[in-house]
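# A look at the structure
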Amino acid sequence: MGIAVAGMDSLSDRASMMRESLQKSQTITDNVVSILGSFDSRLSALETAMRPTQIRTHAIRKAHENIDKSLKSAEVILAQFDLSRQAEAKILKGPHEDLEGYLGAIDQLRSNIRFFSSNKNFKNSEGVINHSNTLLAKAISKLEDEFKQRLNSYSKPIEPDRLFDGLPNSLRPSSGSPGNQGEPGGRGPSHNHSEHQNVDLETAVYTPPTLIPPRIIPLLHDLAKQMVRAGHNQQLLKIYKETRSLVLEESLRKLGVEKLGKDDVQKMQWEVLEAKIGNWIHFMRIAVKLLFAGERKVCDEMFEGFDSLSDQCFAEVTASSVSVLLSFGEAIARSKRSPEKLFVLLDMYEIMRELHSEIETIFKGKACNEIRESALGLTKRLAQTAQETFGDFEEAVEKDATKTAVLDGTVHPLTSYVINYVKFLFDYQSTLTQLFQEFETGDGKVSQLASVTMRIMQALQTNLDGKSKQYRDPALTHLFLMNNIHYMVRSVRRSEAKDLLGDDWVQIHRRIVQQHANQYKRNAWQKVVF
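Residues numbered from 1 in each chain as written. Predicted model: local features only at pLDDT ≥ 70, side-chain atom pairs only at ≥ 80, totals over all residues. Heavy atoms only, no water.

This part covers the overall build of the protein. A count of helical and extended segments in the protein gives 17 helices and zero strands. Put simply, the protein has 530 residues, and 42% of those count as buried. Taking all contacts inside the protein whose residues are at least 6 apart in sequence as the whole, residues at least 24 apart take part in 81%. Put simply, the protein shows about 29,200 Å² of open surface, and 53% of that area lies on carbon and sulfur atoms. (Helix = DSSP H or I, 4+ residues; strand = E, 2+ residues; numbered from the N terminus. Buried < 20%, exposed > 50% of the residue type's maximum accessible area, 1.4 Å probe, protein only. Contact = heavy atoms within 4.5 Å. Areas by Shrake-Rupley, 256 points an atom, 1.4 Å probe, with all protein chains shown as cover.)

Have a look at this one:
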């Protein structure tokens, strides 16, 4: 019992101590809350006191930022002014000493104009822009002079030997004559024309000469680009045309090209004209495949990126030279027709056909339309004149009234001339096929050629019948016809004409020969018998 009482006292003491501790903690808490409350009041008062200082600090910081921005803007403007002064100094010096630096100065000047144009709120921006534009105009003017001077310096006529070096070996002249290419001149019945040679020429390699050194082209391109950017296209075109057209004309003159019209052609003797036609064919190849091809390359590289300007410059530069060449062809096509001209007309037609694809490629673009049409027009006119000459020849054979008698009844000169003429026509078989195709009327193109050949042979036979009546002796009449028609048959059988005229024609005329032979025997023996 005594132990139990003692335990209770101990618990009571502990509880009492806990109450005291809690009371002390509450007192401390109340004191801390009171102290914190006084701190909050003081902090609020302090914040109120510090607010003006914070506002001033923020304003100062903002002012510093604005000053930094202004300083940076000022630096940019000052840099632009500095670049403008540097560009102006280079431009005032001119392009001669440092052309690349001069071109760079023009670009810088344009950059400055764009800068001040987009920042017109700067003081004196308008004055800077006006000054820069005036300076730019002077710079472009000097640039034009520089372009003209440099283009002139490197534009020299091409000597014939340099042009000949670009030809295939088969076309290089064997002597100093500009038009000599083995056998110069046009082809008549005495000239051996080979269509195999034409096939070789179609696959031959031509090497256009270098008209302006390659190292100069990029520089001229940069000059041209600046002029185009300044809107000086017409000035650029004028300078290029005046310089390069004269060079091309002089190159052709050195080669031997002459400006000849219809009146000049009509006055010439046939041998002289024939040689000039042969030279013209050679000149056309050289002009298109070498000279004009080289000029097109120069234009394309110099005006790269400006296709319409390139085409226009090329058209303007070549127009005069092309006109001189085509005018001679036109003069021949429009001159008085004669049988001996047929072969040179075919030669001229051949070269125009050969060059057609290159003319279409080199003289590309809208600006060259007139030149392309002129070349095509000449081709068609040559074809038409050649076809009309066929008709003239047929009529001339039928109406030939030469009084040259063959006393012994052998082959008449007309017969050998016509047969040779026809044989040489077959050297131009593919050309004639193409020519008749120009005027196709419904028959097959090969049959048209056969039809023309048959008509010529029939015209010859009709004429021979008339000439045979000049003989008083009937035996000589039949001997004459036998010999001449036999000559025709034998010549056809030994030539390509056989494939065209056919076996039927050969067999029919062999029977005619035999008939005249029989008649000759009958008439010749009749004198002996009676």
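Turning to the packing of helix H12 (residues 369-399) against helix H14 (residues 429-438), a few remarks are in order. Their axes nearest at 9 Å, the elements H12 and H14 cross at an angle of 100 degrees. The angle between the axes of H12 and H14 places the two elements in the roughly perpendicular class. Of the residues in H14, those touching H12 at Lys-380, Ala-383, Ala-386, Gln-387 and Phe-390 are Leu-432, Leu-435, Phe-436 and Glu-438. The class makeup of the residues in the contact of H12 with H14 is six nonpolar, one polar and two charged. (Axes fitted to C-alpha atoms, helices over the stretch in contact; angles between N-to-C directions. Parallel < 35°, antiparallel > 145°, perpendicular 65-115°, else oblique. Nonpolar A, V, L, I, M, F, W, Y, C, P; charged D, E, K, R; others polar.)

Judged by nonpolar contacts, the single largest core of 124 residues is most densely connected at Phe-147, Trp-280, Phe-292, Met-302 and Met-352. In terms of residues, this core owes the most to one element, helix H9 (residues 270-302), which gives 16 residues. Sequence-distant contacts of Phe-147, that is, excluding residues within four places in its chain, are made with Leu-220, Leu-223, Ala-224, Met-227, Leu-236, Ile-239 and Met-302. (Core = buried A, V, L, I, M, F, W, Y, C linked by side-chain atoms within 4.5 Å.)

Looking now at the packing of aromatic side chains. Applying the stated criterion across every chain yields a total of twelve aromatic pairs. Ring centres of Phe-343 and Tyr-428 lie 5.9 Å apart, and the angle between their planes is 50 degrees; this geometry places the pair in the tilted category. Of this pair, Phe-343 sits in helix H11 (residues 341-362) while Tyr-428 sits in the loop between helix H13 (413-425) and H14, placing them 85 residues apart in sequence. Judged by relative accessible area, which is 0%, Phe-343 ranks as buried. Ring plane angle 50 degrees and centroid distance 5.4 Å describe the contact between Tyr-471 and Phe-480, whose orientation is recorded as tilted. Considered together, Tyr-471 and Phe-480 belong to a single accessibility category, that of buried residues. Following the ring pairs from residue to residue traces out a cluster consisting of Phe-343, Phe-393, Tyr-417, Tyr-421, Phe-424 and Tyr-428. (Phe/Tyr/Trp six-rings, centres within 6.5 Å; stacked < 30°, edge-to-face > 60°.)

One can find Gly-278 in helix H9. Look at Gly-278 and you get buried, because its relative accessible area is 5%. Taking the C-alpha atoms as reference, Gly-278 lies 8.4 Å from Asp-347; in sequence the two are 69 residues apart.

The next subject is a positive patch on the surface. A grouping of Lys-423, Arg-490, Arg-493, Arg-494, Lys-498 and Arg-510 is seen on the molecular surface, where their side chains present a positively charged patch. When residues of the positive patch are traced back to their parent elements, those giving at least two are helix H16 (474-493) and helix H17 (497-529). Take Lys-423: it is sitting in helix H13. Under the relative-accessibility criterion, Lys-423 is labelled partly exposed at 38%. (Patch = residues over 30% accessible without salt bridge, like charges linked within 9 Å, V, L, I, M, F, W, Y side chains within 5 Å. Salt bridge = Lys/Arg side-chain N within 4 Å of Asp/Glu carboxyl O. Lys, Arg positive; Asp, Glu negative; His and termini not counted. Charge placed at Lys NZ, Arg CZ, Asp CG, Glu CD.)

With that settled, the discussion passes to a negative patch on the surface. On the surface, Glu-496, Asp-499, Asp-503 and Asp-504 cluster together into a patch of negative charge. For Glu-496, the position within the fold is in the loop between H16 and H17. Given the relative accessible area of 42%, Glu-496 is considered partly exposed.

For the pair H13 and H16, interaxial distance at closest approach is 10 Å and the crossing angle is 15 degrees. Relative to H16, the element H13 lies roughly parallel. Both H13 and H16 take part in a crossing whose hand is right-handed. Where H13 abuts H16, its residues Thr-415, Ser-416 and Ile-419 lie against Asn-484, Tyr-487, Met-488 and Ser-491. (Left-handed = near helix turned anticlockwise from the far one by under 90°.)

Turning our eyes to something else, we now look at the pattern of salt bridges. Inspection of the entire model under this criterion finds 19 salt bridges. The partner of Arg-285 in a salt bridge is Glu-354, and the shortest N-O contact between them spans 3.0 Å. With Arg-285 in helix H9 and Glu-354 in helix H11, the pair connects residues that are 69 residues apart, well separated along the chain. Here Arg-285 and Glu-354 have matching classes, each one buried. Between Lys-289 and Glu-358 there is a salt bridge, and its shortest N-O distance comes to 2.8 Å. Of this pair, Lys-289 sits in helix H9 while Glu-358 is found in helix H11, placing the two residues 69 residues apart along the sequence. When its relative accessible area of 9% is taken as the criterion, Lys-289 is described as buried. A relative accessible area of 24% places Glu-358 in the partly exposed class.

Examined against the element boundaries, Thr-318 turns out to sit in helix H10 (residues 307-334). Taking the C-alpha atoms as reference points, Thr-318 and Glu-295, separated by 23 residues in sequence, lie 8.5 Å from one another. Thr-318 has contacts with Leu-248, Phe-292, Phe-363 and Ile-371, leaving out every residue within four places of it along the chain.

Assignment of secondary structure puts Glu-295 in helix H9. In contact with Glu-295, other than residues within four places in its own chain, are Leu-211, Tyr-240, Arg-244, Leu-248, Phe-314 and Val-317.

This paragraph deals with the environment of Ser-451. As for its position among the elements, Ser-451 is in helix H15 (residues 445-468). Residues Ser-451 and Leu-501, spaced 50 residues apart in sequence, show a C-alpha to C-alpha distance of 8.5 Å.

Let us now look at the state of the cysteines. Per the counting criterion, the structure on display carries zero disulfides. Unpaired in terms of disulfides, Cys-368 finds its nearest cysteine sulfur in Cys-299, a separation of 8.9 Å. (Disulfide = S-S within 2.5 Å.)

A few words now on the confidence of the model for the protein. Scored by pLDDT, the protein comes out at a mean of 80, with 70% of its residues at no less than 70. When mean pLDDT is taken per element in the protein, H9 scores highest with 95 and helix H5 (residues 195-203) scores lowest with 56. Note on residues 1-5: pLDDT is under 50 here. Beyond four places in sequence and across chains, it has zero contacts. Contacts for the low-pLDDT stretch residues 175-192, under 50 throughout, to residues beyond four places or in other chains number 46 contacts. (pLDDT = per-residue confidence, 0-100.)

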